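# Residue-level structural notes
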Amino acid sequence: QRVVFQVWKDGQVLVFRSSGAPGTRLSSVESGFSDARIGGQEWRVFSSWDRERETLVQVAEEHAARNRITAGIALNSLLPMLAALPLLGLLIWWVVGDGMRPLRALGDEVARRGPLDLNPIAVEGLPDELRPLVATLDRLFARIRDSLDSERRFTSQAAHELRTPIAAIRAQAEVANLARDP
């Protein structure tokens, strides 16, 4: 890593510097972070005064070194994520599939039923989230069953009501058929 520093008395007189640090101030900014161009290269500079405001310290690091460190950190973070993402995807697929199993079983139960099988659906073993759906389906089945029962009663009564006139017409037709005079 390429890091340099300078110590300035009253911000004017260079007291000490590291090897490779220029003889001029690293940055004109006297407090906090700044960017500077030194010797044709970009540097990140931090400047700070001591408590008595007598000594200014400036520390700088090349942007290229910072970028290398950042790239190394990103690469070291990326490799474990690339390994973990497929495993995480499989785990999510398994958990969602396992969570959807009761819903698929309920769908299969309804699909297996015949058109006249309107009995309530068994709720044993179903998760609490599916119980309102099953209750609604059971109410629908009950309404359909009641509707079919009403239709059967109506048909039965209509057939009974029609039997008497039909029987009378049949009797008269037989009498007419047996008569010798047309």
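Residues numbered from 1 in each chain as written. Predicted model: local features only at pLDDT ≥ 70, side-chain atom pairs only at ≥ 80, totals over all residues. Heavy atoms only, no water.

Attention now moves to the pattern of salt bridges. All told, the structure shown has 11 salt bridges when counted by the stated rule. Its salt-bridge partner being Arg112, residue Glu109 comes within 3.5 Å of it at the nearest N-O pair. One end of the pair is Glu109 and the other is Arg112, both in helix 1 (residues 63-112) and three residues apart, which spans about a single turn. According to the relative accessible area criterion, Glu109 is partly exposed, its value standing at 28%. On the basis of relative accessibility, which here comes to 62%, the residue Arg112 falls in the exposed class. Between Arg113 and Asp117 there is a salt bridge; the shortest N-O distance is 3.7 Å. Taking the relative accessible area as the measure of exposure, Arg113 reaches 14% and is therefore buried. In the salt-bridge network here, residues are joined through shared partners; they are Glu109, Arg112, Arg113 and Asp117. (Salt bridge = Lys/Arg side-chain N within 4 Å of Asp/Glu carboxyl O. Helix = DSSP H or I, 4+ residues; strand = E, 2+ residues; numbered from the N terminus. Buried < 20%, exposed > 50% of the residue type's maximum accessible area, 1.4 Å probe, protein only.)

What follows deals with the sheet that holds strand 5 (residues 55-62). Read from one edge of the open sheet, five strands run 2-1-5-4-3, paired in antiparallel fashion. Looking at the sheet topology across the chains shown, the edges are occupied by strand 2 (13-17) and strand 3 (32-38). Looking at each pair of strands side by side, their axes are set apart by 30° on average, direction ignored. In terms of strand pairing, strand 1 (residues 3-9) meets strand 2 through four bridges, oriented antiparallel. Each bridged residue has a counterpart across the sheet, and for Val7 the counterpart in strand 2 is Phe16. (Pairing = 2+ DSSP bridges. Axes fitted to C-alpha atoms, helices over the stretch in contact; angles between N-to-C directions.)

If you check helix 2 (residues 131-178), its first and last C-alpha atoms are 68 Å apart, about what 48 residues at 1.5 Å a residue would give, namely 70 Å. The sharpest bend along helix 2 reaches about 25° and sits at Arg163, with the proline Pro165 one to four residues further on. Listing the buried residues of helix 2 in full gives Val134, Asp138 and Phe141. (Expected span 1.5 Å × (residues − 1). Bend = angle between axes of the 7 residues up to and from the residue.)

Turning to the pairing of strand 1, a few remarks are in order. Examined bridge by bridge, strand 1 and strand 5 share seven bridges and lie antiparallel to one another. Bridging from a neighbouring strand, Gln6 pairs with Gln58 of strand 5. Two successive antiparallel strands, strand 1 and strand 2, enclose a turn made up of three residues, where Asp10 displays a positive phi of approximately 55°.

For the structure shown, the criterion picks out two aromatic pairs. Ring plane angle 35° and centroid distance 5.6 Å describe the contact between Phe5 and Phe16, whose orientation is recorded as tilted. You can see Phe5 sitting in strand 1 and its partner Phe16 sitting in strand 2, a full 11 residues away along the chain. A relative accessible area of 31% places Phe5 in the partly exposed class. Judged by its relative accessible area of 48%, Phe16 is partly exposed. Plain terms: the ring middles of Phe33 and Phe46 are 4.9 Å apart, the flat faces sit at 50° to each other, and that makes the pair tilted. Of this pair, Phe33 sits in strand 3 while Phe46 sits in strand 4 (residues 41-49); the two residues are 13 residues apart in sequence, bridging distant segments of the chain. For Phe46, a relative accessible area of 36% corresponds to the partly exposed category. (Phe/Tyr/Trp six-rings, centres within 6.5 Å; stacked < 30°, edge-to-face > 60°.)

This paragraph deals with the side chain of Ser34. Summarising the element assignment, Ser34 is placed in strand 3. Of note is the side chain of Ser34, whose polar atom sits 2.8 Å from the side chain of Ser27. Setting aside residues up to four positions removed in sequence, Ser34 forms contacts with Ser27, Val29, Trp43, Arg44 and Val45. (Polar contact = N/O pair within 3.5 Å; in protein donor to acceptor, adjacent residues only side chain to side chain. Contact = heavy atoms within 4.5 Å.)

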